[in-house]
Amino acid sequence: MLPREDGIALDNRCKRMATIDVKTLTKSVAQLVKTLNPRNRDIVSRRFGLKTGTKETLESIGKGYGITRERVRQIEEFALAQLAKHASDIRELTRFTSSMKDLIAREGGVVRERALFKMVSGNDKDTVANASLIFALTLDTELIRMADNDHYHAFWTRSRATLDAFRAQVAALTSALQSHNSVIPVGQVIELATKNNVSALDGSKFTDKHLATISAICKDLGCNIFGQMGLTHWSQIRPKGVRDKAYLVIKQAEKPQHFSQIAKLINVAKFDAKKVNVQTVHNELIKDKRFVLVGRGMYALSEWGYKSGTVKDVLVDILRSHGKPLPRVELVARVSSVRLVKENTILLNLQDSGTFVKDENGHFHLRKK
């Protein structure tokens with residue numbers, strides 16, 4: 001799996017933070033927000049989820065007040081600017097913000113928001129305490145929050161320069177995987193990154209910890225159930241159907257499989273809650289050029305060099321591509337390398353005198369037509 005830090009590691013770091021307790025933080029935020037007029041206080045509280053832990057949209061708040069979402073945004077922006085001026089007057093908030101900056105710095109300058117939740121409150125869900133955390137950090141002029149989007153989970157950085165460096169780091173790793181053009185065992189990602197000049201944000205050696213941070217934040221990188229990393233739009237990372245799942249289990253098995261066994265392997269792997277039946281697997285394999293029927297019900301991957309068609313078709317293709325007569329032993333060996341078939345079956349096909357001719361040396365070639 002992707003190198004993510006477990007809850008024990010997060011808990012241990014939380015104990016070392018020596019920051020204020022979350023109840024004090026929540027009270028301090030509430031104390032600060034009370035300085036606003038009732039409407040502005042309500043809008044800010046709802047936007048950050050300070051009372052319920054759940055954020056509300058500009059549109060939903062605007063409907064309640066009969067104003068546009070843009071007007072709500074303007075009120076929020078104005079209120080935050082006011083509060084930022086007074087936040088430094090509340091000692092507990094300044095202590096908290098200072099602790100958070102130190103924490104983010106120790107974590108390498110970039111931390112996923114949910115990880116901060118876990119470290120501070122012990123809960124990575126949307127709660128009032130975590131809403132107060134986001135609110136307090138938002139008032140700081142140095143810290144930068146990247147909201148959740150199509151490419152990233154929400155995260156925090158120490159500065160704009162750190163943010164730019166992190167984006168460049170992610171782009172470099174993504175490019176390296178794209179050039180590799182195939183999934184790679186997680187244990188080999190660091191080596192790939194090093195070869196492609198991917199480094200830590202401060203220019204030092206790229207390590208498992210840096211990979212864990214990127215993996216926790218970047219949605220474009222992922223890991224499949226076999227512990228292989230790649231880009232999330234690849235079917236080998238996020239298989240979309242039976243064919244993709246079949247491809248993965250056959251590739252993992254590293255040898256041809258009967259379609260009934262492929263169905264079993266898919267169900268055992270538990271890609272998701274869906275179970276497949278044997279006939280569905282067989283039907284899907286027939287339709288996809290990635291798979292080759294190489295024996296009775298046996299399927300291999302075409303990328304392994306296996307050939308489709310009858311044994312006769314394979315013999316014809318081998319002789320045509322070679323361009324010279326071949327002895328029986330070599331023909332049997334070549335056919336056996338691309339099809340799971342008995343030697344007698346190959347020899348019986350070679351007896352087709354309308355297609356194959358045996359010369360005085362015992363070598364076979366194609367009959368000219």
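Placed above this text is the structure.
The notes below deal with the structure included here. (Residues numbered from 1 in each chain as written. Predicted model: local features only at pLDDT ≥ 70, side-chain atom pairs only at ≥ 80, totals over all residues. Heavy atoms only, no water.)

## Some thoughts on the overall build of the protein chain
Reasoning step 1: The number of helices and strands found in the protein chain is 17 helices and twelve strands.
Reasoning step 2: Its C-alpha atoms give the protein chain a radius of gyration of 31 Å, more than 25% over the compact-globule value 21 Å for 369 residues.
Reasoning step 3: Here the C-alpha coordinates of the protein chain stretch approximately 105 × 45 × 35 Å along the principal axes.
Reasoning step 4: When each of the 369 residues of the protein chain is scored for burial, the buried share is 43%.
Reasoning step 5: Total accessible area computed for the protein chain in this model is approximately 19900 Å², and 49% of it derives from carbon and sulfur atoms.
Reasoning step 6: If the 60 positive side-chain charges of the protein chain are averaged to one point and the 39 negative ones to another, these points end up 4 Å apart. (Helix = DSSP H or I, 4+ residues; strand = E, 2+ residues; numbered from the N terminus. Rg over C-alpha atoms; globule rule 2.2 N^0.38 Å. Buried < 20%, exposed > 50% of the residue type's maximum accessible area, 1.4 Å probe, protein only. Areas by Shrake-Rupley, 256 points an atom, 1.4 Å probe, with all protein chains shown as cover. Lys, Arg positive; Asp, Glu negative; His and termini not counted. Charge placed at Lys NZ, Arg CZ, Asp CG, Glu CD.)

## Here's the deal with the state of the cysteines
Reasoning step 1: This model, assessed by the stated rule, comprises zero disulfides.
Reasoning step 2: Sulfur of Cys218: no disulfide; nearest cysteine sulfur belongs to Cys223 and is 14 Å away.
Reasoning step 3: Its relative accessible area of 2% is what places Cys218 among the buried residues. (Disulfide = S-S within 2.5 Å.)

## A look at the sheet that holds strand β4 (residues 184-185)
In sheet architecture, strand pairing relies on hydrogen bonds along the backbone and comes in two forms, parallel and antiparallel.
Reasoning step 1: One open sheet holds the three strands; their spatial order is β4-β6-β5, and the pairing between them is antiparallel. The open sheet is flanked by β4 and β5 (221-223), the only strands paired with a single partner.
Reasoning step 2: Looking at chain direction, β4 and strand β6 (residues 228-231) are connected through two bridges and run antiparallel. By the bridge assignment, Ile184 is partnered in β6 with Met229.
Reasoning step 3: Here helix α9 (residues 160-180) sits on the sheet in contact with β4, β5 and β6, set at roughly 100 degrees to β6. (Pairing = 2+ DSSP bridges. Contact = heavy atoms within 4.5 Å. Axes fitted to C-alpha atoms, helices over the stretch in contact; angles between N-to-C directions.)

## A short note on the sheet that holds strand β9 (residues 298-301)
Reasoning step 1: What the three strands build is an open sheet, ordered β7-β9-β8; its pairing is antiparallel. In this open sheet, the two edge strands, each paired with only one partner strand, are β7 (257-258) and β8 (291-295).
Reasoning step 2: Examined bridge by bridge, β7 and β9 share two bridges and lie antiparallel to one another. Residue pairing across strands places His258 opposite Met298, the latter belonging to β9.

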